[in-house]
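Structural characterization, general
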Amino acid sequence: GAGVSQSPSNKVTEKGKDVELRCDPISGHTALYWYRQRLGQGLEFLIYFQGNSAPDKSGLPSDRFSAERTGESVSTLTIQRTQQEDSAVYLCASRPSVATQYFGPGTRLLVL
Amino acid sequence: SQQGEEDPQALSIQEGENATMNCSYKTSINNLQWYRQNSGRGLVHLILIRSNEREKHSGRLRVTLDTSKKSSSLLITASRAADTASYFCATDLGSTLGRLYFGRGTQLTVWP
């Protein structure tokens, strides 16, 4: 079956522009996560959606970052007024009722 | 913050040798997972070990868990060049919400 998909695969933008990243989770997965991974680093938790509960936004680094998810479907991560330090791979993962997370291929963001 | 810490940061071995990576964490857990990442893209789940388990096998992978020492190890036997990747441990830190905490990973290079 189809896995987690993310788009775009790569995004190059200019400092100060807004970007929107998309994640399509595996159908039926109730939980969805966004992570950021800087070059050579581990995964940094950003935000977590679980069903219709209020999302856990505790990992968002600033108010320039926001994310939405409608029900148990697609999610978008928006970064406003991008900065060079936002350059990273943004990974999305979804999870059914058990613990294992299934990751998408990521979006590689480069802010010039 | 990253709660799991892998050791070593980098490991370089010859094909056929065994590779051992370690992970330490700071608080109690429900389970611990190991993931693999190729070329900075999406992570692939390898194995999950629950807090009441001490050892688990999957093919050439062997994972141990010592909750008294808050540590885990991943052993890859008879390594292959295709095993070259970054390996991450992830813990739930006792949370039932599904959030995972990742370490910075071990970069494994297997030379043919």
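The following paragraphs examine the structure supplied in this document. Every chain is numbered on its own, with residues counted from 1 as its sequence reads. Chain A is the first chain written and ligand 1 is the first ligand written, with later ones labelled in order. Residues qualify for local features only when their pLDDT is at least 70, as the model is predicted, and side-chain atom pairs are given and counted only at 80 or more; totals for whole chains, interfaces and linings, by contrast, use all residues. Excluded from the side-chain calculations are hydrogens and water; all other atoms, namely the structure's heavy atoms, are used.

1. Topic: the side chain of A:Arg95
This is how it is decided: Secondary structure elements are defined from DSSP: runs of H or I of at least 4 residues count as helices, runs of E of at least 2 residues count as strands, and each element is numbered from the N terminus. Here a polar contact means two N or O atoms within 3.5 Å. Within protein one must be a hydrogen donor candidate and the other an acceptor candidate, and residues neighboring in sequence count only if both atoms are side-chain atoms.
With respect to the helices and strands, the residue A:Arg95 is situated in strand β8 (residues 88–95). One polar contact links A:Arg95 to A:Gln50, side chain to side chain, over a distance of 3.2 Å.

2. Topic: the pattern of salt bridges
All names here are of chain A. Here is the rule we go by: Salt bridge, as used here, is a side-chain nitrogen of Lys or Arg placed within 4 Å of a carboxyl oxygen of Asp or Glu. Each residue's exposure class comes from its accessible area (1.4 Å probe, protein chains only) as a fraction of the maximum for that residue type: buried when under 20%, exposed when over 50%, partly exposed otherwise.
Under the criterion given, the structure shown has 9 salt bridges over all chains. Among the ionic pairs, Arg36 bridges to Glu44, the shortest N-O distance being 3.0 Å. Close ionic contact of Asp86 with Arg64 constitutes a salt bridge, the shortest N to O distance being 2.8 Å. Taken together, the residues Asp86 in the loop between β7 (75–79) and β8 and Arg64 in the loop between β5 (44–50) and β6 (65–69) connect sequence positions 22 residues apart. Across this residue pair, the class does not change: Asp86 and Arg64 are buried.

3. As for the state of the cysteines
Note the cut-off: Cysteine sulfur atoms that come within 2.5 Å of each other are treated as a disulfide pair.
Tallied over the full model, the rule gives 2 disulfides over all chains. Here A:Cys23 engages in a disulfide with A:Cys92; their sulfurs sit 1.8 Å apart. Here the S-S torsion is close to -65 degrees, and the disulfide linking A:Cys23 with A:Cys92 is therefore left-handed. Pair noted here: A:Cys23 is in strand β3 (residues 19–24) and A:Cys92 is in strand β8, with a separation of 69 residues, a long-range link. Just as A:Cys23 is buried, A:Cys92 falls in that class too. Note that B:Cys23 is cross-linked by a disulfide to B:Cys89, the S-S spacing being 1.9 Å. Taking the sign of the S-S torsion, about 65 degrees here, the bridge from B:Cys23 to B:Cys89 comes out right-handed. Note that B:Cys23 is positioned in strand β3 (residues 19–24) and B:Cys89 in strand β9 (residues 85–91), a separation of 66 residues in sequence. Here B:Cys23 and B:Cys89 have matching classes, each one buried.

4. Points about a nonpolar patch on the surface
The condition that has to hold: Patch membership needs two things, relative accessible area over 30% and no salt bridge, and members are linked within 9 Å if like-charged or within 5 Å if nonpolar (Val, Leu, Ile, Met, Phe, Trp, Tyr). Shrake-Rupley sampling with a 1.4 Å probe provides the accessible areas, and residues are treated as covered by the protein chains on show and by no other component.
A cluster of nonpolar side chains, namely A:Val12, A:Leu110 and A:Leu112, defines an oily patch on the protein surface of about 280 Å² accessible area. Position of A:Val12 among the secondary structure elements: in strand β2 (residues 10–13).

5. Points about the packing of aromatic side chains
The condition that has to hold: Classification of ring pairs uses Phe, Tyr and Trp, with its six-membered ring standing for Trp, and accepts pairs whose centres are within 6.5 Å; under 30 degrees between planes counts as stacked, over 60 as edge-to-face, and the remaining range as tilted.
Within this structure, the stated rule accounts for 8 aromatic pairs over all chains. On the basis of an interplanar angle of 75 degrees and a centroid distance of 6.3 Å, the ring pair of A:Tyr35 and A:Phe45 is categorised as edge-to-face. Of the two residues, A:Tyr35 is situated in strand β4 (residues 31–37) and A:Phe45 in strand β5; the sequence distance between them amounts to 10 residues. Residue classification places A:Tyr35 among the buried positions, given a relative accessible area of 0%. Judged by relative accessible area, A:Phe45 falls into the buried class, the value being 7%. Taken together, a centroid distance of 5.6 Å and an interplanar angle of 35 degrees make the contact between A:Tyr35 and A:Phe103 tilted. One end of the pair, A:Tyr35, is in strand β4; the other, A:Phe103, is in strand β9 (residues 102–103), with 68 residues separating them in the sequence. Judged by its relative accessible area of 10%, A:Phe103 falls in the buried class. Taken together, the ring pairs connect A:Tyr33, A:Tyr35, A:Phe45, A:Tyr48, A:Phe103, B:Tyr35 and B:Phe102 into an aromatic cluster.

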